[in-house]
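# An overview of the molecular structure
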Amino acid sequence: MLLIPCPWCGPREDDEFTFGGEADIPRPADPDALTDEQWADYLFMRDNRRGRHREQWCHTAGCRRWFIVERDTVTNEILGASTYGNSS
Amino acid sequence: MSNPIPRRSPLGAIEPTQPLPHEGQLFERPFLTHVNLRLDPADSEALAAIQQVLGVRLPLTPNTTAAGQELLAAWLGPDEWLLLTEHHHPDSLVTDLQAALTARFASVVDTSAGQTVIRLSGPSALDVLARGCALDLHPSVFPPGACAQTMLARAQALLIAVDDTPTFDIIVRRSFAPYVAAWLKDSARDFGLRFPDSNAT
Amino acid sequence: MSQPFRLTQGGRIHRDEPLQFTFDGRPIDAFRGDTVASALLANGVTLVGRSFKYHRPRGIVSAGAEDPNAFVQLGRGARTLPNRLATVTPATPGLEVRHVNAWPSLDFDLMSAFGLAAPFIPAGFYYKTLMWPRRFWPLYEHFLRHAAGLGHAPDAPDPDRYDHVHAHCDVLVVGAGAAGLAAARAAAQTGARVIVADEQAKFGGGLLSTSERVDGLPAPQWADAATAQLSSASDVTLLPNTTAFGLYESNLVLLAERLHTDQPDNAGAESGARVWRVLPRQIVLATGAHERPLLFANNDRPGVMLAGAISTYVNRYAVVTGSRAVLFTNNDSAYRTALDLVEAEVPVAAIADVRVDPDGILPAQTRAQGIPIHTGAVVVQAHGRGRLAAAELCSLDGAPLGTVECDLLGVSGGFAPALHLHAQAGAPMTWNPQIAAFAPQPSHDIHPAGAVTGQLDLASALRQGTAAGAAAAAAAGCSNGHTPAAPQAAETPTSDLKPYWLPPGDLARTKPQFVDVHEDVTLDDLRLSLREGFESIEHVKRYTTLGMGPDQGKLANPLATGVIAELLGRDPASVGTPRHRPAYSPVSLGAIAGRHIGELADPVRVTPMQDWHESAGTRFENVGQWRRAWYYPHPGESMHEAVARECLAVRHRVGILDYSTLGKIEVTGPDAGEFLDRVYTNAWKRLRPGRCRYGLMLGKDGMIFDDGVTARLDHQRYLMFTSTANAAPVLAWLEQWLQTEWTDLRVYLTSVSEHWSNIALAGPRSREVLAAAGTDIPLAREDFPFMTFREGTVAGVPARVFRISFSGELSYEINVPADRARHVWEALFDAGRSFGITPYGTETMHVLRAEKGFIIVGQETDGSVTPEDVGLGRLLSRRKDFLGKRSLSRPDSVRPDRKQLVGLLTDDPAQVLPEGGHVVDAPGRRRPLPMRGHVTSSYFSPVLGRSIALAMVAGGRAALGERLYVATLDDDRWLPARSCHPVFYDPQGARQHV
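Residues numbered from 1 in each chain as written. Chains lettered and ligands numbered in written order. Predicted model: local features only at pLDDT ≥ 70, side-chain atom pairs only at ≥ 80, totals over all residues.

## Comments concerning the overall build of chain B
Each helix and strand counted, chain B has 4 helices and 10 strands in total. When the elements of chain B are put in sequence order from the N terminus, they spell out β-β-α-β-β-β-α-β-β-α-β-β-β-α. Expected size for 201 residues packed as a compact globule is a radius of gyration near 17 Å; at 17 Å, chain B falls within 12% of this value. For chain B, buried positions account for 51% of its 201 residues. Across chain B, every contact between residues at least 6 apart in sequence was considered, and the portion connecting residues at least 24 apart equals 57%. (Helix = DSSP H or I, 4+ residues; strand = E, 2+ residues; numbered from the N terminus. Rg over C-alpha atoms; globule rule 2.2 N^0.38 Å. Buried ≥ 20, exposed ≤ 12 C-beta atoms within 10 Å, placed from the backbone. Contact = placed C-beta atoms within 7 Å.)

## Examining the overall build of chain C
For chain C, the count of helices and strands is 23 helices and 49 strands. Across its three principal axes, chain C shows a C-alpha extent of roughly 115 × 75 × 55 Å. Split into buried and exposed, the 994 residues of chain C put 56% on the buried side. The contacts in chain C between residues at least 6 apart in sequence include a share of 67% that link residues at least 24 apart.

## Considering the environment of C:Gly708
Residue and element names in this part refer to chain C. Looking at the element boundaries, Gly708 is found in strand E36 (residues 704-714). On the neighbour-count criterion, Gly708 (22 C-beta atoms within 10 Å) is buried. Separated by 12 residues in the primary sequence, Gly708 and Leu696 place their C-alpha atoms 6.9 Å from one another. Non-local contacts of Gly708, meaning those with residues more than four positions away in its chain, are made with Gly695, Met720, Phe721, Thr722 and Ser723.

## Observations concerning the packing of helix H1 (residues 44-54) of chain B against helix H2 (residues 90-100) of chain B
Residues and elements named next belong to chain B. Direction vectors running N to C along H1 and H2 enclose 145°, while the axes themselves pass 9 Å from each other. Between H1 and H2 lies a crossing whose hand is right-handed. Side by side, H1 and H2 meet where Ala49, Ile50, Gln52 and Val53 of the first sit next to Asp96, Leu97 and Ala100 of the second. Considering only residue class, the contact of H1 with H2 consists of 5 nonpolar, 1 polar and 1 charged. (Axes fitted to C-alpha atoms, helices over the stretch in contact; angles between N-to-C directions. Left-handed = near helix turned anticlockwise from the far one by under 90°. Nonpolar A, V, L, I, M, F, W, Y, C, P; charged D, E, K, R; others polar.)

## A closer look at the domain arrangement of chain B
Residue and element names in this part refer to chain B. Here chain B is partitioned into domain 1 (26-31 + 114-189) and domain 2 (33-112). Relative to domain 2, the C-alpha centre of domain 1 lies at a distance of 22 Å. Facing 9 residues of domain 1, the contacting portion of domain 2 comprises 9 residues. Sorting the residues of the side of domain 1 that touches domain 2 by element identifies strand E8 (147-152) and strand E9 (155-163) as the ones contributing at least two each. No other element matches the 3 residues that E8 contributes to the side of domain 1 that touches domain 2. (Domains from an automatic or database assignment.)

## A word on the sheet that holds strand E43 (residues 838-839) of chain C
Residue and element names in this part refer to chain C. Read from one edge of the open sheet, 6 strands run E40-E41-E42-E39-E33-E43, paired in mixed fashion. Looking at which strands have only one partner, the edges of the open sheet turn out to be strand E40 (789-794) and E43. The sheet contact formed by strand E39 (residues 756-762) and strand E42 (residues 811-817) spans 7 bridges and is antiparallel. Bridged to Ile759 within E42 is Ile814. Of the strands in this sheet, strand E33 (655-658), E39 and E43 are in contact with helix H18 (residues 639-652), which crosses E33 at around 115°. Relative to E39, helix H21 (residues 766-773) is tilted by about 130°, and along the sheet it contacts E39, E40 and E42. (Pairing = 2+ DSSP bridges.)

## Examining the pairing of strand E21 (residues 377-383) of chain C
Residues and elements named next belong to chain C. In terms of residue burial, E21 counts as a mostly covered element, since 5 of its 7 residues are buried. Two elements, E21 and strand E22 (residues 390-395), share 6 bridges in a ladder whose sense is antiparallel. Within the sheet, the bridge partner assigned to His383 lies in E22 and is Ala390. Between E21 and the antiparallel strand that follows it, E22, lie 6 residues; Gly384 among them carries a positive phi value of about 115°.

## A few points about the interface of chain C and chain B
Each partner contributes residues to the interface: chain C has 34 residues there, and chain B has 32 residues. Where the side of chain C that touches chain B is concerned, the elements lending two or more residues are strand E8 (162-174), strand E34 (663-668), strand E38 (748-751) and helix H22 (821-832) of chain C. Top element by residues in the side of chain C that touches chain B is E8(C). It accounts for 6 residues. Of the residues in the side of chain C that touches chain B, the class split is 13 nonpolar, 10 polar and 11 charged.

## Section: the domain arrangement of chain C
Residue and element names in this part refer to chain C. Parsing chain C into structural domains produces domain 1 (14-125), domain 2 (162-289 + 417-475), domain 3 (294-412), domain 4 (501-594), domain 5 (663-751) and domain 6 (896-993). Taken residue by residue, the interface counts 16 residues in domain 1 and 22 residues in domain 4. Of the residues that constitute the side of domain 1 that touches domain 4, the class distribution is 9 nonpolar, 4 polar and 3 charged.

## Focus on the interface of chain B and chain A
The partner chain A presents 11 residues to the 11 residues of chain B that form the contact. Where the side of chain B that touches chain A is concerned, the elements lending two or more residues are strand E4 (72-77) and E8 of chain B. At 4 residues, E8(B) tops the list of elements feeding residues into the side of chain B that touches chain A.

## A word on the sheet that holds strand E37 (residues 717-722) of chain C
All names here are of chain C. Read across the open sheet, the 5 strands follow the order E35-E36-E37-E34-E38; overall the sheet is antiparallel. Both outer strands of the open sheet, strand E35 (692-698) and E38, are each paired with one neighbouring strand and no more. Each adjacent strand pair in this sheet contributes to an overall mean axis angle of 30°, direction not counted. Strand contacts of helix H19 (residues 672-679): E34, E35, E36 and E37, with the helix running at about 130° to E34, the strand carrying the most contacts. Sitting on the sheet, helix H20 (residues 727-740) is in contact with E34, E35, E36, E37 and E38, with an inclination near 165° to E38.

## What about the packing of H21(C) against H22(C)?
Any two packed helices are characterised by the angle at which their axes cross and by the distance between the axes. All names here are of chain C. It is at 8 Å that the axes of H21 and H22 come closest, and there the two elements cross at 115°. Between H21 and H22 lies a crossing of right-handed hand. Note on element contacts: H22 touches H21 through Ala827, Leu828, Ala831 and Gly832, opposite Val769, Ala772 and Ala773. When the residues that make up the contact of H21 with H22 are grouped by side-chain class, the tally is 6 nonpolar, 1 polar and no charged.

## Structural notes on the pairing of strand E4 (residues 52-58) of chain A
Residue and element names in this part refer to chain A. Where strand E3 (residues 18-22) meets E4, 3 bridges bridge the pair, whose relative direction is antiparallel. Pairing of Glu22 across the sheet is with Glu55, part of E4. Relative to strand E5 (residues 66-72), E4 is paired through 7 bridges, and the arrangement is antiparallel. Note that in E5 the partner of His53 across the bridge is Arg71.

## Here we look at the confidence of the model for chain C
Should the pLDDT be low somewhere, the predicted coordinates at that spot are not to be read in detail. Chain-level statistics for chain C give a pLDDT mean of 92 and a share of 94% at 70 or above. At the level of chain-chain contacts, confidence expressed as ipTM amounts to 0.97, with global pTM at 0.92. (pLDDT = per-residue confidence, 0-100.)

## Points about unusual backbone geometry
Across the junction of B:Glu15 and B:Pro16, the peptide omega takes the value -10°, indicating a cis bond. Relative to the elements of secondary structure, B:Pro16 occurs in the segment before strand E1 (26-29). The omega angle of the peptide bond from C:Lys511 to C:Pro512 is -15°, so this bond is cis rather than trans. Relative to the assigned elements, C:Pro512 resides in the loop between helix H11 (458-475) and strand E29 (514-516). Despite not being glycine, B:Ala153 shows a phi value in the positive range, around 55°. Relative to the assigned elements, B:Ala153 resides in the loop between E8 and E9. When the 24 C-beta atoms within 10 Å are taken as the criterion, B:Ala153 is described as buried.

## Structural notes on the environment of C:Gly477
When you line up the elements, C:Gly477 lands in the loop between H11 and E29. C-alpha of C:Gly477 to C-alpha of C:Arg281: the two residues are 196 residues apart in sequence and 9.1 Å apart in space.

## Description of helix H7 (residues 307-317) of chain C
Across the 11 residues of H7(C), 11 count as buried, placing the element largely inside the fold. Three or more residues of H7(C) are buried, namely C:Ala307, C:Gly308, C:Ala309, C:Ile310, C:Ser311, C:Thr312, C:Tyr313, C:Val314, C:Asn315, C:Arg316 and C:Tyr317.

Laid out in structure tokens, this is it:
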């Protein structure tokens, strides 16, 4: 069980959350300007990092906010959580 | 506006209801007005307009409620609240709020028929909830006035700590209400609590 | 029975409360305070089971959870419990205890012939031998299953109550021995919320079996006083009979509490269990240490016990476990056992001490008792059949020292910390050469104390416990400024342990020497594993099954580390230990399920019309958690007949469907139209208020994710319908875009799925029914055309009525608040009687939409289907971007041989194709046949009087009319069909526009 620190609601058990995959992969502003390879890279290729990993979570059963968690994929230690936008 | 068609609660209550069995420790509070409100918490004019209508300042601290004479506002998210009252008809509350928020970016949605409130009260309430709720509801952590959306057994629920009896209001979606009621009855059985017979389920 | 091995006085048993239980039907006298094991030993029962592989006789080895042999079956009938340890099970009146692993009986074991015929089956034997020839495997398996019985499951539903409870505390103390009690006291006096769990029925652990004193009191009395003091504290929860069996990420600790509720028919066994899910801020681990066994030939003979266990039985239970003892040790602790035996008047014939010059206080005291001590000496073989009769001694250089008669052999290879929970948490541990074992290192939230640290003496345990309790409370934010004084006990200087793993020289070749007694893993098995290249301890484990028994190798693994290190000539620290995994001890499946059984197994979601459906005799189908009306059979009607009747009623008259489960989302804000433009493939901004439009939602990969109708309620408000199954995923998906990428869009989403019930009226008479039910909405075609909606009242209830159709007929979907939906449903039904209104369920809905070629997301689509694939390319806007658009021009998305939606008409109109059936070009014997596609939907269409099917067929659209075949699974036939346009009925769509 992971205790996930929702930036608004505080630490909650992981069954309240939905995982949203690796963070920081914005949708390209002009998809048509990309080659097929570049677009496929956006769609499918992920770092699958060993160690510190920034990932998206949604507090589905709580405040319904999406936020970013930094987690060590080896130890499952959660190193921090941050909101989207300009609030901390 | 009065409505001639009697409402039915998801747990079998039919309008007009009998007076609530206040001596009970586990019962439904049917037919309250539930309104979902969304607006930007940085929009101070909107906040002020809302306070004018509700007589309550919307709580901006996560997982807290604000209670007024006639209405309770519960924090659901940084830009989302549940308004809960037995004193306003849903249509009039929605109309008043929409009027107050004209030309502002906000959303006012009646959800009264989509959810219900189950009240659990008594010295064993914490033990009953601990059977299916992972939150620490100890009064030092979750005092009266606190609220939290979380999982109760296998259903999503909004818990509101009402008083230090302790008493909790458990707000669940309509289709989950029979499951949650059955779960609470089963959990409460160990502590000698039961739903009053007026609730059919 | 007279309990011949019970001492006349002493012990922590209640001699004034005698009781009786049975072992294999034989009455056993006991006292309250006994465990099943202590009572069996008091009665001279030394054989409690047969070993897993060789069916060798086995006896009780320990007095705790580490025992590899004392697994028994408790209770009977529906309440029986397999694999319970006699060493931790309290003796209760009437308890039925049975052995678990002998066939046909414990005393006459047919399977021991297995041991005689093939004395030592090498590790890997099953894999290497019994798998070949493969056709014999079922025979082997039958034989092995019979041989390897580890108890039996109840044969009827378990009537007991199992439960889960969530708990939170500042400090969780695991283990209530000296260190645990001291820690709990120290933490509790700060006002911290404390939970203390111990696997035994009585708190005290080793304090209950030592003759030492604490704060001037006999240790057991001090334990009682400390327990009483804790139980009176307000925020302290004491959990006896409770095993902490798992420690997970975030320091979630799972405890299994065995409940004793004295059910009349549970034959004295525990009834029910409760799993505690504890989230402590800090953890004190006071889990103690397990004494390590030693290797010698026949070291599994009943009568060979851990030395400390012998002391426990004497001191705590007033039971002597033999009449003449030999002790074999590499440390000081066995000398305490020698002194305890002398006190209990059991002669100690010899002590073999690996060490050349043991110089502690305890050896000196023992020597003073006149007990023969052989230093630099070891036991190399146990003699006796069925029960130990003698021990053969030898010096470390191999010189024989004679054979000593004995029926009790106490062994002590030192103590290995019980660091299982610590290791499960992934917390660091290090090799401690002083104890020749791994010991836990403290972390910021786990505080080891007592024997688990490797410090074995009582005074240290009390000191460490006090310090750990205070430190844990402080770290949890609870402190009252002063650290309490530690309880005092006499210091006992000890001499060092000398690691001893393998017998000297060729004596290490004597057979058999058991490393894992439960799994019958021998020293030879370890050698074979290493010889075959399986050197990592994890590989050794898998090759030999070391530590894989229900005892989880508590005794075996610490021994194996040293043995493997010596066989490989490596440092034990580098050999490591097999990964510790939950559960520490067996936990019943009932406890894991808790109350999530029967009607509480999973939420059953119902609509406001549920009661009506039930009284109408509806058959239901489960759609996710929803219970939906499937079809409404009349008495005597088959499903086929009922569905045909319902279909024709909608086509010719009018039907009524409960469609309340659809997802509904209000989309509000100045940018709502722009938002819909981005998430749907078609254009929305110019949709006029009051109008509806069908939309397709794609994933980023261009594949269909969801579909449904969205209506524009007013300038800034839309109402979006989603499919039932995707209600929550669509909302999460939309919120993700708004919150993480399109934060500039001013749009709010609110789910109204549960507020609005949805009742569909469908069929040529539906307009008349709606009018008859009473509505203030003008219903004439020109007032209320297709793909519009109106607000008004229906049957006196405020309603939104949508003129949309999933059947291809004139149809109204009537949304009303769920709290009055039942009234509206009944009003519509009553108004429809004279029009022949017929309730229909999801099956008919599926047939009707298939006749129209309408897709269902998740049935025609499977996450790999584009809009073009299902013929909906017209919904793809060319003027704007939308999610998934770029993916539609990827080379794979425009392959001409993609599977495309077609209809299939069988040659035999009565033949209904199997859904999922493979579509091929021609029948053939060669396998695999090239597959063209698969059938996605298939029904008998009553209005067409023939079967219809939808299929996804590679390149199918360009070849409509082609001959295809569909394979059947059951009788290997090939059903001929021709492909066709997927709209079977009313292809012009005239009927829904009337």
